Amino acid sequence: MSCLRPNIAQMAGYVPGYQPPDSEAWIKLNTNENPYPPSPQVVEAIHRELGEKGDSLRMYPDAGSLRVRQEAAALYGFEPSWVITANGSDELLNNLIRAFVGEGEEVAYIHPSYSYYATLAQIQGAKITTFGLTADYRLADFPARYEGKLFFLTSPNAPLGFAFPLDYIAEIARRCAGMLVIDEAYVDFAEINALELVKQHDNVVVTRTFSKSYSLAGMRLGLALARPEVIQALDKIRDHYHLDRLALAAAAAALSDQAYLAETVGRIRDTREWFSAQLRDLGYTLVASQTNFIFASPPDRNGKRIYEGLYSRKILVRYFTDPLLTHGLRMTIGNRSDMEQTLAVLKELG
Ligand SMILES: *Cc1c(COP(=O)(O)O)cnc(C)c1O
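A short tour of the structure in this document, coming up.

Cut-offs and rules
Residues numbered from 1 in each chain as written. Predicted model: local features only at pLDDT ≥ 70, side-chain atom pairs only at ≥ 80, totals over all residues. Heavy atoms only, no water. Pairing = 2+ DSSP bridges. Helix = DSSP H or I, 4+ residues; strand = E, 2+ residues; numbered from the N terminus. Axes fitted to C-alpha atoms, helices over the stretch in contact; angles between N-to-C directions. Contact = heavy atoms within 4.5 Å. Near = heavy atom within 4 Å. Polar contact = N/O pair within 3.5 Å; in protein donor to acceptor, adjacent residues only side chain to side chain.

### Brief notes about the sheet that holds strand 7 (residues 204–209)
- In space, the 7 strands of this open sheet follow the order 2-8-7-6-5-3-4, with mixed pairing throughout. One side of each edge strand has no neighbouring strand; the edge strands of this open sheet are strand 2 (83–86) and strand 4 (127–131). Going across the sheet, the axis of each strand differs from the next one's by a mean of 20°, ignoring polarity.
- The sheet contact formed by strand 5 (residues 150–154) and strand 6 (residues 179–183) spans 5 bridges and is parallel. What sits directly across from Leu153, in strand 6, is Ile182.
- Relative to the sheet, helix 4 (residues 89–100) contacts strand 2, strand 3 (106–110), strand 5, strand 6, strand 7 and strand 8 (222–225), its axis offset from that of strand 7 by approximately 155°.

Now the structure itself:
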(Lines give C-alpha, C1' and ligand atoms only; values in the text may rest on other atoms or scores of the structure.)
Protein backbone atom coordinates (compact mmCIF):
# COMPACT_ATOMS: atom_id res chain seq x y z
CA MET A 1 0.00 0.00 0.00
CA SER A 2 2.43 2.61 -1.20
CA CYS A 3 -0.18 5.36 -1.05
CA LEU A 4 -0.63 5.01 2.71
CA ARG A 5 0.69 8.07 4.58
CA PRO A 6 4.04 7.09 6.16
CA ASN A 7 2.98 8.25 9.64
CA ILE A 8 -0.01 5.88 9.52
CA ALA A 9 2.13 3.01 8.20
CA GLN A 10 4.61 3.49 11.05
CA MET A 11 2.24 3.99 13.98
CA ALA A 12 1.23 1.09 16.23
CA GLY A 13 -2.31 2.28 17.02
CA TYR A 14 -3.92 2.65 20.44
CA VAL A 15 -4.40 -0.47 22.56
CA PRO A 16 -7.46 -0.05 24.82
CA GLY A 17 -7.63 -1.64 28.27
CA TYR A 18 -8.68 -5.29 28.10
CA GLN A 19 -12.44 -5.98 28.04
CA PRO A 20 -12.79 -9.70 28.88
CA PRO A 21 -15.60 -11.42 26.94
CA ASP A 22 -16.76 -13.11 30.17
CA SER A 23 -16.74 -9.83 32.12
CA GLU A 24 -19.24 -11.18 34.68
CA ALA A 25 -16.63 -13.67 35.86
CA TRP A 26 -14.13 -10.94 36.73
CA ILE A 27 -13.73 -8.18 39.25
CA LYS A 28 -12.90 -5.61 36.62
CA LEU A 29 -10.74 -2.78 37.93
CA ASN A 30 -8.67 -2.06 34.81
CA THR A 31 -10.47 0.64 32.78
CA ASN A 32 -11.88 3.00 35.43
CA GLU A 33 -15.49 2.14 34.76
CA ASN A 34 -18.04 3.01 37.42
CA PRO A 35 -19.30 0.09 39.57
CA TYR A 36 -22.79 1.61 39.90
CA PRO A 37 -25.41 1.75 37.14
CA PRO A 38 -26.22 5.13 35.54
CA SER A 39 -29.03 7.24 37.03
CA PRO A 40 -32.49 5.59 36.73
CA GLN A 41 -33.56 8.83 35.03
CA VAL A 42 -31.05 8.09 32.25
CA VAL A 43 -32.53 4.66 31.66
CA GLU A 44 -36.05 6.15 31.64
CA ALA A 45 -35.02 8.87 29.20
CA ILE A 46 -33.53 6.31 26.80
CA HIS A 47 -36.74 4.22 26.93
CA ARG A 48 -38.86 7.33 26.40
CA GLU A 49 -36.74 8.41 23.41
CA LEU A 50 -36.83 4.94 21.89
CA GLY A 51 -40.61 4.62 22.31
CA GLU A 52 -42.58 1.41 22.05
CA LYS A 53 -41.48 0.53 18.51
CA GLY A 54 -38.31 2.52 18.13
CA ASP A 55 -40.10 4.89 15.82
CA SER A 56 -37.91 7.88 16.73
CA LEU A 57 -34.90 6.11 15.24
CA ARG A 58 -36.27 6.68 11.72
CA MET A 59 -35.23 10.30 12.00
CA TYR A 60 -31.84 11.96 12.36
CA PRO A 61 -30.95 13.33 15.80
CA ASP A 62 -30.53 17.03 16.62
CA ALA A 63 -27.18 17.80 14.96
CA GLY A 64 -26.60 20.72 17.34
CA SER A 65 -27.22 18.81 20.61
CA LEU A 66 -29.06 21.91 21.81
CA ARG A 67 -30.81 20.46 24.87
CA VAL A 68 -27.67 18.86 26.23
CA ARG A 69 -25.66 22.00 25.65
CA GLN A 70 -28.30 24.10 27.43
CA GLU A 71 -28.36 21.66 30.33
CA ALA A 72 -24.54 21.66 30.63
CA ALA A 73 -24.31 25.44 30.24
CA ALA A 74 -26.82 26.01 33.05
CA LEU A 75 -25.09 23.48 35.28
CA TYR A 76 -21.60 24.95 34.84
CA GLY A 77 -22.54 28.64 34.59
CA PHE A 78 -21.77 29.25 30.90
CA GLU A 79 -23.74 30.20 27.77
CA PRO A 80 -24.57 27.27 25.43
CA SER A 81 -22.25 28.86 22.81
CA TRP A 82 -19.37 27.88 25.14
CA VAL A 83 -20.30 24.16 25.13
CA ILE A 84 -19.83 21.37 22.59
CA THR A 85 -20.90 17.74 23.00
CA ALA A 86 -18.98 14.74 21.69
CA ASN A 87 -19.05 11.02 21.05
CA GLY A 88 -16.85 10.38 24.07
CA SER A 89 -14.24 12.93 25.13
CA ASP A 90 -11.82 11.04 22.86
CA GLU A 91 -13.62 12.67 19.92
CA LEU A 92 -12.82 16.10 21.35
CA LEU A 93 -9.15 15.32 21.85
CA ASN A 94 -9.03 14.18 18.23
CA ASN A 95 -10.79 17.24 16.87
CA LEU A 96 -8.74 19.64 18.99
CA ILE A 97 -5.57 18.32 17.35
CA ARG A 98 -7.18 18.46 13.92
CA ALA A 99 -8.28 22.07 14.50
CA PHE A 100 -5.10 23.47 16.06
CA VAL A 101 -2.09 21.40 14.99
CA GLY A 102 -0.89 21.16 11.40
CA GLU A 103 1.31 18.38 10.08
CA GLY A 104 4.82 18.80 11.50
CA GLU A 105 3.65 21.21 14.20
CA GLU A 106 4.04 20.46 17.87
CA VAL A 107 1.77 18.84 20.46
CA ALA A 108 2.82 18.25 24.07
CA TYR A 109 1.58 16.29 27.04
CA ILE A 110 2.83 14.96 30.34
CA HIS A 111 4.63 11.67 30.66
CA PRO A 112 3.02 9.73 32.25
CA SER A 113 -0.52 10.67 31.27
CA TYR A 114 -3.17 9.43 28.81
CA SER A 115 -1.43 7.49 26.04
CA TYR A 116 -4.14 8.20 23.45
CA TYR A 117 -2.71 11.73 22.92
CA ALA A 118 0.31 10.12 21.25
CA THR A 119 -1.84 8.09 18.88
CA LEU A 120 -3.84 11.17 17.86
CA ALA A 121 -0.67 13.18 17.28
CA GLN A 122 0.78 10.38 15.13
CA ILE A 123 -2.36 10.26 12.97
CA GLN A 124 -2.11 14.00 12.43
CA GLY A 125 1.62 13.75 11.64
CA ALA A 126 2.34 16.16 14.48
CA LYS A 127 5.60 16.43 16.38
CA ILE A 128 5.38 15.19 19.98
CA THR A 129 7.09 16.72 23.01
CA THR A 130 6.59 15.29 26.48
CA PHE A 131 7.26 16.85 29.88
CA GLY A 132 8.12 14.73 32.89
CA LEU A 133 7.05 15.33 36.47
CA THR A 134 9.14 16.49 39.41
CA ALA A 135 8.97 14.67 42.76
CA ASP A 136 6.33 17.17 43.95
CA TYR A 137 4.21 16.72 40.80
CA ARG A 138 5.07 19.83 38.84
CA LEU A 139 6.17 19.87 35.18
CA ALA A 140 9.88 19.27 34.81
CA ASP A 141 11.68 21.78 32.58
CA PHE A 142 8.57 23.54 31.34
CA PRO A 143 9.77 26.67 29.52
CA ALA A 144 8.80 30.23 30.46
CA ARG A 145 7.13 30.37 27.03
CA TYR A 146 5.96 27.10 25.46
CA GLU A 147 5.58 27.60 21.70
CA GLY A 148 3.85 24.33 20.76
CA LYS A 149 0.37 24.56 19.24
CA LEU A 150 -1.42 22.49 21.85
CA PHE A 151 -0.69 21.11 25.31
CA PHE A 152 -2.79 18.33 26.88
CA LEU A 153 -2.81 18.64 30.66
CA THR A 154 -4.55 15.71 32.33
CA SER A 155 -5.81 16.93 35.69
CA PRO A 156 -6.48 14.95 37.76
CA ASN A 157 -3.64 12.95 36.23
CA ALA A 158 -4.14 9.45 34.89
CA PRO A 159 -2.62 7.00 35.76
CA LEU A 160 -1.26 8.64 38.94
CA GLY A 161 -4.41 10.26 40.31
CA PHE A 162 -3.12 13.58 41.71
CA ALA A 163 -4.57 16.94 40.62
CA PHE A 164 -2.60 20.10 39.86
CA PRO A 165 -3.56 23.17 41.95
CA LEU A 166 -5.55 25.80 40.10
CA ASP A 167 -3.00 28.61 40.38
CA TYR A 168 -0.38 26.31 38.87
CA ILE A 169 -2.66 25.42 35.93
CA ALA A 170 -3.30 29.15 35.42
CA GLU A 171 0.45 29.72 35.28
CA ILE A 172 0.81 27.00 32.64
CA ALA A 173 -2.01 28.62 30.64
CA ARG A 174 -0.09 31.92 30.68
CA ARG A 175 3.11 30.20 29.59
CA CYS A 176 1.44 28.41 26.63
CA ALA A 177 1.54 30.30 23.32
CA GLY A 178 -0.91 27.74 21.91
CA MET A 179 -3.97 26.01 23.35
CA LEU A 180 -4.03 24.46 26.80
CA VAL A 181 -6.47 21.54 26.88
CA ILE A 182 -7.28 20.46 30.44
CA ASP A 183 -8.51 16.89 30.27
CA GLU A 184 -10.83 16.67 33.28
CA ALA A 185 -12.01 13.09 32.71
CA TYR A 186 -11.86 12.41 36.48
CA VAL A 187 -12.69 15.82 37.88
CA ASP A 188 -16.04 14.86 39.41
CA PHE A 189 -14.07 12.75 41.90
CA ALA A 190 -11.76 15.66 42.78
CA GLU A 191 -11.98 18.65 45.08
CA ILE A 192 -11.35 21.34 42.46
CA ASN A 193 -11.92 21.92 38.75
CA ALA A 194 -10.53 24.39 36.23
CA LEU A 195 -13.76 25.76 34.72
CA GLU A 196 -13.06 29.31 35.86
CA LEU A 197 -9.84 29.29 33.81
CA VAL A 198 -11.92 28.87 30.63
CA LYS A 199 -13.36 32.33 31.25
CA GLN A 200 -10.07 33.89 32.31
CA HIS A 201 -7.75 32.64 29.53
CA ASP A 202 -8.39 32.76 25.76
CA ASN A 203 -6.41 29.59 25.17
CA VAL A 204 -7.99 27.23 27.73
CA VAL A 205 -10.30 24.33 26.83
CA VAL A 206 -11.73 21.92 29.42
CA THR A 207 -12.84 18.45 28.30
CA ARG A 208 -15.16 16.19 30.28
CA THR A 209 -16.45 12.65 29.84
CA PHE A 210 -19.63 10.84 30.92
CA SER A 211 -17.71 7.53 30.96
CA LYS A 212 -16.44 7.61 34.53
CA SER A 213 -18.48 9.65 37.01
CA TYR A 214 -21.79 9.31 35.10
CA SER A 215 -21.29 5.59 34.50
CA LEU A 216 -21.94 5.89 30.75
CA ALA A 217 -18.76 4.49 29.18
CA GLY A 218 -20.91 2.30 26.95
CA MET A 219 -22.91 5.27 25.66
CA ARG A 220 -19.91 7.31 24.38
CA LEU A 221 -20.51 10.86 25.61
CA GLY A 222 -18.25 13.81 26.34
CA LEU A 223 -18.30 17.57 26.29
CA ALA A 224 -15.96 20.54 26.21
CA LEU A 225 -16.13 24.09 27.49
CA ALA A 226 -14.24 26.82 25.67
CA ARG A 227 -14.67 30.27 24.16
CA PRO A 228 -17.30 30.43 21.36
CA GLU A 229 -14.56 30.90 18.69
CA VAL A 230 -13.02 27.58 19.73
CA ILE A 231 -16.40 25.84 19.93
CA GLN A 232 -17.26 27.10 16.43
CA ALA A 233 -14.00 25.70 15.06
CA LEU A 234 -14.65 22.32 16.66
CA ASP A 235 -18.21 22.40 15.34
CA LYS A 236 -17.00 22.80 11.75
CA ILE A 237 -14.83 19.72 11.73
CA ARG A 238 -16.91 17.20 13.68
CA ASP A 239 -19.23 14.67 12.07
CA HIS A 240 -22.56 16.50 11.96
CA TYR A 241 -24.62 13.65 13.48
CA HIS A 242 -21.96 12.53 15.96
CA LEU A 243 -24.43 11.76 18.78
CA ASP A 244 -27.36 9.43 18.27
CA ARG A 245 -30.83 10.10 19.73
CA LEU A 246 -30.41 7.71 22.64
CA ALA A 247 -27.07 9.24 23.62
CA LEU A 248 -28.55 12.75 23.50
CA ALA A 249 -31.46 11.69 25.72
CA ALA A 250 -29.05 9.96 28.11
CA ALA A 251 -26.72 12.96 28.33
CA ALA A 252 -29.47 15.47 29.15
CA ALA A 253 -30.95 13.17 31.80
CA ALA A 254 -27.54 12.42 33.34
CA LEU A 255 -26.66 16.11 33.67
CA SER A 256 -30.05 16.93 35.18
CA ASP A 257 -29.71 14.30 37.93
CA GLN A 258 -26.92 15.86 39.98
CA ALA A 259 -28.24 14.31 43.20
CA TYR A 260 -27.54 10.83 41.84
CA LEU A 261 -24.07 11.89 40.66
CA ALA A 262 -23.21 13.27 44.10
CA GLU A 263 -24.47 10.12 45.82
CA THR A 264 -22.58 7.60 43.66
CA VAL A 265 -19.40 9.70 43.43
CA GLY A 266 -19.54 10.09 47.23
CA ARG A 267 -19.71 6.32 47.67
CA ILE A 268 -16.73 5.79 45.35
CA ARG A 269 -14.71 8.45 47.17
CA ASP A 270 -15.51 6.85 50.54
CA THR A 271 -14.45 3.43 49.24
CA ARG A 272 -11.29 4.99 47.77
CA GLU A 273 -10.30 6.49 51.13
CA TRP A 274 -11.02 3.25 53.00
CA PHE A 275 -9.13 1.08 50.45
CA SER A 276 -6.18 3.51 50.35
CA ALA A 277 -5.81 3.36 54.15
CA GLN A 278 -5.96 -0.45 54.06
CA LEU A 279 -3.22 -0.60 51.40
CA ARG A 280 -1.02 1.77 53.39
CA ASP A 281 -1.40 -0.59 56.36
CA LEU A 282 -0.15 -3.40 54.09
CA GLY A 283 2.99 -1.36 53.37
CA TYR A 284 1.96 -0.10 49.96
CA THR A 285 3.01 3.36 48.75
CA LEU A 286 0.15 5.38 47.26
CA VAL A 287 -0.30 8.59 45.35
CA ALA A 288 -3.14 10.52 47.10
CA SER A 289 -5.97 10.13 44.60
CA GLN A 290 -8.47 12.72 43.31
CA THR A 291 -10.00 10.14 40.95
CA ASN A 292 -11.91 6.84 40.88
CA PHE A 293 -8.66 4.85 40.82
CA ILE A 294 -5.47 4.62 42.83
CA PHE A 295 -1.88 4.11 41.74
CA ALA A 296 -0.26 1.90 44.37
CA SER A 297 3.15 0.23 44.73
CA PRO A 298 3.68 -2.92 46.79
CA PRO A 299 6.57 -3.00 49.28
CA ASP A 300 8.81 -4.92 46.80
CA ARG A 301 7.91 -2.42 44.03
CA ASN A 302 7.09 -5.32 41.71
CA GLY A 303 3.83 -4.31 40.04
CA LYS A 304 3.90 -7.24 37.65
CA ARG A 305 3.96 -9.83 40.43
CA ILE A 306 0.85 -8.34 42.01
CA TYR A 307 -0.87 -7.95 38.63
CA GLU A 308 -0.32 -11.63 37.87
CA GLY A 309 -1.40 -12.72 41.35
CA LEU A 310 -4.64 -10.78 41.04
CA TYR A 311 -5.17 -11.98 37.46
CA SER A 312 -4.94 -15.62 38.52
CA ARG A 313 -7.79 -14.87 40.97
CA LYS A 314 -9.92 -13.23 38.25
CA ILE A 315 -9.25 -9.70 39.42
CA LEU A 316 -8.22 -7.44 36.57
CA VAL A 317 -6.19 -4.28 37.25
CA ARG A 318 -3.90 -2.20 35.02
CA TYR A 319 -0.17 -2.84 34.85
CA PHE A 320 1.93 -0.57 32.63
CA THR A 321 5.19 -1.68 31.04
CA ASP A 322 6.40 1.94 30.94
CA PRO A 323 9.58 1.89 33.12
CA LEU A 324 8.26 4.89 35.09
CA LEU A 325 5.26 2.81 36.19
CA THR A 326 6.40 -0.82 36.61
CA HIS A 327 6.73 -0.35 40.39
CA GLY A 328 2.98 -0.14 40.82
CA LEU A 329 -0.52 -0.77 39.54
CA ARG A 330 -3.52 1.32 38.66
CA MET A 331 -6.63 -0.06 40.33
CA THR A 332 -10.10 1.26 39.65
CA ILE A 333 -12.24 1.77 42.74
CA GLY A 334 -15.14 -0.65 42.44
CA ASN A 335 -17.89 -1.21 44.99
CA ARG A 336 -17.06 -2.03 48.59
CA SER A 337 -17.37 -5.79 48.07
CA ASP A 338 -15.06 -5.71 44.99
CA MET A 339 -12.44 -3.88 47.02
CA GLU A 340 -12.78 -6.16 50.07
CA GLN A 341 -12.16 -9.18 47.85
CA THR A 342 -9.22 -7.44 46.18
CA LEU A 343 -7.76 -6.52 49.56
CA ALA A 344 -8.03 -10.13 50.76
CA VAL A 345 -6.02 -11.34 47.74
CA LEU A 346 -3.45 -8.55 48.18
CA LYS A 347 -2.95 -9.65 51.79
CA GLU A 348 -2.27 -13.21 50.57
CA LEU A 349 0.16 -11.99 47.93
CA GLY A 350 2.14 -10.02 50.53
C1 LIG B 1 -11.33 7.76 30.06
C2 LIG B 1 -10.50 8.94 29.63
C3 LIG B 1 -10.83 9.67 28.49
C4 LIG B 1 -11.81 9.19 27.47
O5 LIG B 1 -13.08 9.31 27.79
P6 LIG B 1 -14.22 8.84 26.76
O7 LIG B 1 -15.25 9.89 27.00
O8 LIG B 1 -14.63 7.49 27.21
O9 LIG B 1 -13.71 8.89 25.37
C10 LIG B 1 -10.09 10.81 28.21
N11 LIG B 1 -9.07 11.19 28.98
C12 LIG B 1 -8.69 10.48 30.06
C13 LIG B 1 -7.54 10.93 30.86
C14 LIG B 1 -9.40 9.33 30.41
O15 LIG B 1 -9.01 8.61 31.44
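### Here we look at the site of the ligand
- With respect to spatial proximity, 13 residues lie near the ligand, and among them Ser89, Tyr186, Thr209, Ser211 and Lys212 are the closest.
- Within the backbone of Asp90, an N or O atom sits 3.0 Å from an oxygen atom of the ligand.
- The separation between an oxygen atom of the ligand and a polar side-chain atom of Lys212 is 2.9 Å.

### Let's talk about the environment of Ser211
- Within the secondary structure layout, Ser211 lies in the loop between strand 7 and strand 8.
- Between the C-alpha atoms of Ser211 and Asn32, which are 179 residues apart in sequence, the distance is 8.6 Å.
- Those residues within four positions of Ser211 in sequence are excluded, and the remaining contacts are Leu216, Ala217, Arg220 and Leu221.
- Polar side-chain contacts of Ser211 include one of 3.4 Å to the side chain of Arg220.

Limitation: the analysis is restricted to geometry and does not speak to function.
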